[in-house]
Amino acid sequence: MRAADVAPGMRVLDIATGTGLSAEAALAAVGPTGVTAVDISPAMVAKARERLGDAPNVSLSVADGQALPFPDESFDAVLCNLGLMFFPDPVRGLREFRRVLRRGGRATVSVNTVVERSYNHQINVMIARYAPDLADSVARTFALAEAPKLRSLFDVAGFADFATNTVRHAFVLPSFDAYYSPFERGGGSTGQALAALSDDIRRAVHEEARRDLSDTGGPVKPEAEYRIGSGQRQGT
């Protein structure tokens with residue numbers, strides 16, 4: 001939000017909204033001008049609708065971030081939280097972000113950095129050992145981690161004034177089960193991947209995750225680190 005210079009009165013587009021976390025934060029910041037949130041997955045749009053409820057200043061729809069259904073210069077800021085690395089063509093996506101931005105507006109993305117500092121992707125790596133067809137998706141999760149790589153994509157897409165920084169957060173949960181049980185219940189992409197495994201493999205992943213977090217029966221503190229990258233639309 002800070003990197004995109006989101007402020008009251010702006011029109012904000014949240015791309016790959018997922019469950020609507022970024023859209024929810026933007027709604028509180030901009031006021032009645034509102035937020036447009038899109039995701040390529042109808043299931044994710046439904047989850048976002050559950051989170052955002054009947055807020056009058058939000059519009060939700062299914063849309064491809066590489067082919068946005070909006071006119072040029074429709075928004076003051078564009079957000080994409082933990083989504084760009086999964087685009088088949090990230091530059092094409094960024095060019096669309098730029099197209100729908102007003103001149104002077106900023107597009108901001110967040111991406112994962114390393115697996116060791118990821119809230120849930122350590123588990124995804126464990127799952128991929130048993131389900132090799134997931135290996136490519138896991139690798140893509142960290143494909144844009146390096147600042148020079150992210151800068152080059154913004155440059156090719158025509159953005160100026162690129163800026164980047166990393167943010168880190170340590171989550172404190174009362175127990176390993178408090179951390180892991182939402183995945184076991186099928187939550188998020190990690191939970192969906194777990195649900196597709198056999199009971200024996202799920203138990204093996206569970207124990208490996210427990211060891212990875214050095215579970216001793218007390219609180220656990222998984223760390224997460226993200227890179228924020230943003231660029232400004234200038235000129236034509």
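What this report covers is the structure whose coordinates are included nearby. (Residues numbered from 1 in each chain as written. Predicted model: local features only at pLDDT ≥ 70, side-chain atom pairs only at ≥ 80, totals over all residues. Heavy atoms only, no water.)

**Regarding the pattern of salt bridges**
Counted by the stated rule, this structure contains 16 salt bridges. Two residues, aspartate 76 and arginine 102, come together in a salt bridge whose shortest N-O distance is 2.7 Å. Taken together, the residues aspartate 76 in strand β4 (residues 75-81) and arginine 102 in strand β5 (residues 101-112) connect sequence positions 26 residues apart. Residue classification places aspartate 76 among the buried positions, given a relative accessible area of 9%. Given a relative accessible area of 27%, arginine 102 falls into the partly exposed group. The salt bridge partner of aspartate 177 is arginine 210, with a shortest N-O separation of 4.0 Å. (Salt bridge = Lys/Arg side-chain N within 4 Å of Asp/Glu carboxyl O. Helix = DSSP H or I, 4+ residues; strand = E, 2+ residues; numbered from the N terminus. Buried < 20%, exposed > 50% of the residue type's maximum accessible area, 1.4 Å probe, protein only.)

**As for the pairing of strand β3 (residues 58-62)**
Here strand β2 (residues 35-39) runs beside β3; their pairing, made up of five bridges, is parallel. Paired with alanine 37 across the bridge in β3 is leucine 60. After leaving β2, the chain enters helix α2 (residues 42-52) and then returns to the sheet as β3, a path that is right-handed. (Pairing = 2+ DSSP bridges. Right-handed = clockwise from strand over helix to strand, strands pointing away.)

**Quick look at the nonpolar core**
If you look at the biggest cluster of nonpolar residues, it comprises 27 residues, and the most contacted ones within it are Leu13, Leu84, Leu94 and Phe97. Secondary structure elements with two or more residues in this core: β1 (12-15), β4, α3 (90-100), β5 and α6 (147-156). Non-local contacts of leucine 13, meaning those with residues more than four positions away in its chain, are made with Thr36, Val38, Leu68, Phe70, Phe75, Ala77, Val78, Leu79 and Val100. Val12, Ala26, Val30 and Val58 belong to the second largest nonpolar core, which has 17 residues in total. (Core = buried A, V, L, I, M, F, W, Y, C linked by side-chain atoms within 4.5 Å. Contact = heavy atoms within 4.5 Å.)

**Side note on the sheet that holds β5**
Ordered by their spatial adjacency, seven strands build an open sheet running β3-β2-β1-β4-β5-β7-β6, and the pairing between neighbours is mixed. Either end of the sheet is taken by a strand with one partner, and the two such strands are β3 and β6 (160-170). Across the sheet, the axes of successive neighbouring strands diverge by a mean angle of 15°, strand direction being ignored. Judged from the four bridges that link them, β1 and β4 form a sheet pairing that is parallel. Directly across from aspartate 14, in β4, lies its bridge partner leucine 79. Of the strands in this sheet, β5, β6 and β7 (223-232) are in contact with α6, which crosses β7 at around 30°. (Axes fitted to C-alpha atoms, helices over the stretch in contact; angles between N-to-C directions.)

**Quick word on the packing of aromatic side chains**
Scanning the model with the defined rule gives 11 aromatic pairs in all. A ring pair is formed by phenylalanine 176 and tyrosine 179, whose centres lie 6.3 Å apart and whose planes are at 55°; its orientation type is tilted. Of the two residues, phenylalanine 176 and tyrosine 179 are both situated in helix α7 (residues 176-184); the distance of three residues between them amounts to about one turn of the helix. Looking at phenylalanine 176, the relative accessible area reads 1%, which means it is buried. Accessibility expressed as a relative area gives 4% for tyrosine 179, which makes it buried. (Phe/Tyr/Trp six-rings, centres within 6.5 Å; stacked < 30°, edge-to-face > 60°.)

**Digging into unusual backbone geometry**
One non-glycine residue with positive phi stands out, namely aspartate 5, at about 55°. Tracing the sequence through the fold places aspartate 5 in the segment before β1. Among the residues examined, aspartate 5 registers a relative accessible area of 48% and is labelled partly exposed. Unusually for a residue other than glycine, glutamate 73 sits at a positive phi of about 55°. By the secondary structure assignment, glutamate 73 is in the loop between β3 and β4.

**What about the packing of α3 against α6?**
Packing of α3 against α6 brings their axes to within 8 Å, and their N-to-C directions diverge by 55°. Taken together, α3 and α6 sit at an angle that is classed as oblique. Crossing geometry of α3 relative to α6 is assigned as right-handed. Along its contact with α3, which presents Pro90, Val91, Leu94 and Arg95, the element α6 presents Leu153, Phe154 and Val156. (Parallel < 35°, antiparallel > 145°, perpendicular 65-115°, else oblique. Left-handed = near helix turned anticlockwise from the far one by under 90°.)

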